[in-house]
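So the chains spell out like this:
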Amino acid sequence: MFKSVQQQIGNVALVVEDYDDAIAFYTQKLQFTLVENTDLGAGKRWVQIAPPNSNGTNLLLAQASTAEQFSAIGNQAGGRVFLFLQTNDFWRDYQLMKANGVVFNEEPRVEEYGTVVVFQDLYGTKWDLLQLTNATS
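What counts as what
- In every chain, residue numbers begin from 1 and rise along the written sequence.
- Given that this is a predicted model, residues contribute local features only at a pLDDT of at least 70 and side-chain atom pairs are listed and counted only at 80 or more, while totals for whole chains, interfaces and linings are drawn from all residues.
- Neither water nor hydrogens contribute to the side-chain values; these are computed over all heavy atoms in the structure.
- Between any two strands, at least two bridges found by DSSP are needed for them to pair.
- What counts as a helix is a DSSP run of H or I of at least four residues, what counts as a strand is a run of E of at least two, and both are numbered from the N terminus.
- We define a salt bridge as a side-chain nitrogen of Lys or Arg found within 4 Å of a carboxyl oxygen belonging to Asp or Glu.
- Here, two residues are considered to be in contact whenever any of their heavy atoms come within 4.5 Å of each other.
- Whether two aromatic rings pair depends on their centres lying within 6.5 Å, for rings of Phe, Tyr and Trp, where Trp uses its six-membered ring; planes under 30 degrees apart make the pair stacked, over 60 edge-to-face, and the rest tilted.
- Any residue under 20% of the maximum accessible area for its type is buried, any over 50% is exposed, and the rest in between are partly exposed; the area is computed with a 1.4 Å probe on protein chains only.

Caption draft 1: Geometry of the pairing of strand β2 (residues 33-41). Where β2 meets strand β3 (residues 44-50), 7 bridges bridge the pair, whose relative direction is antiparallel. Within β3, the position partnered with Leu34 by the bridge is Ile49. Hairpin connection, β2 to β3: the antiparallel pair is bridged by 2 residues, and Ala42 has positive phi, about 55°.

Caption draft 2: Fine view of the pattern of salt bridges. Following the criterion strictly, the structure yields 4 salt bridges and no others. Across the pair Asp20 and Arg45 runs a salt bridge whose closest N-O atoms are separated by 2.8 Å. Linking Asp20 in helix α1 (residues 19-29) with Arg45 in strand β3, this pair joins segments that are 25 residues apart in sequence. A salt bridge links Glu111 to Arg109; its shortest N-O distance comes to 2.8 Å. Salt bridges here are not isolated pairs; linked through shared partners, they connect Glu106, Arg109 and Glu111.

Caption draft 3: Expanded view of the environment of Leu59. Tracing the sequence through the fold places Leu59 in strand β4 (residues 58-63). Remark: the alpha-carbon pair of Leu59 and Gln86, spanning 27 residues in sequence, is separated by 14 Å. When neighbours within four sequence positions are excluded, Leu59 is seen to be in contact with Val12, Leu14, Phe32, Val47, Gln48, Ile49, Leu83 and Trp127.

Caption draft 4: Main features of the packing of aromatic side chains. According to the stated counting rule, one finds 10 aromatic pairs in the structure shown. Consider the rings of Tyr26 and Phe32, whose centres lie 5.6 Å apart with planes at 40°: the pair is tilted. Take Tyr26: its relative accessible area is 0%, and that puts it in the buried class. Ring-pair connections join several aromatic residues into one group, and the members of that group are Phe25, Tyr26, Phe32, Phe90, Trp91, Tyr94, Phe104, Phe119 and Trp127.

Have a look at this one:
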């Protein structure tokens, strides 16, 4: 008997300028959970964060250490939205993020697939805050 293939993406690396600034932004302004913060020596750390009550992929914060990595901060998707934060209550999260000083690139809009708004992290990385409609969730 063959075992069925079972895989998942465990982490997505997000290049940041500073571990502590990024941790503060994500945990304080977006209410993410700090999953792990392990010192690996030589200035490197293994830092994982995740949205509250998430059971999926974590973000791995990777502090830039080369000129090439620094040039990618805030532009890891070439100016497009890089990450999609799905929620079960768009307006709750939008209002909380707005109150916490998160920068939004537009006003919220309702699309066929759900309610969405583009926001950015402390380095300008673009995200979608998204609540899918029942038809697509």
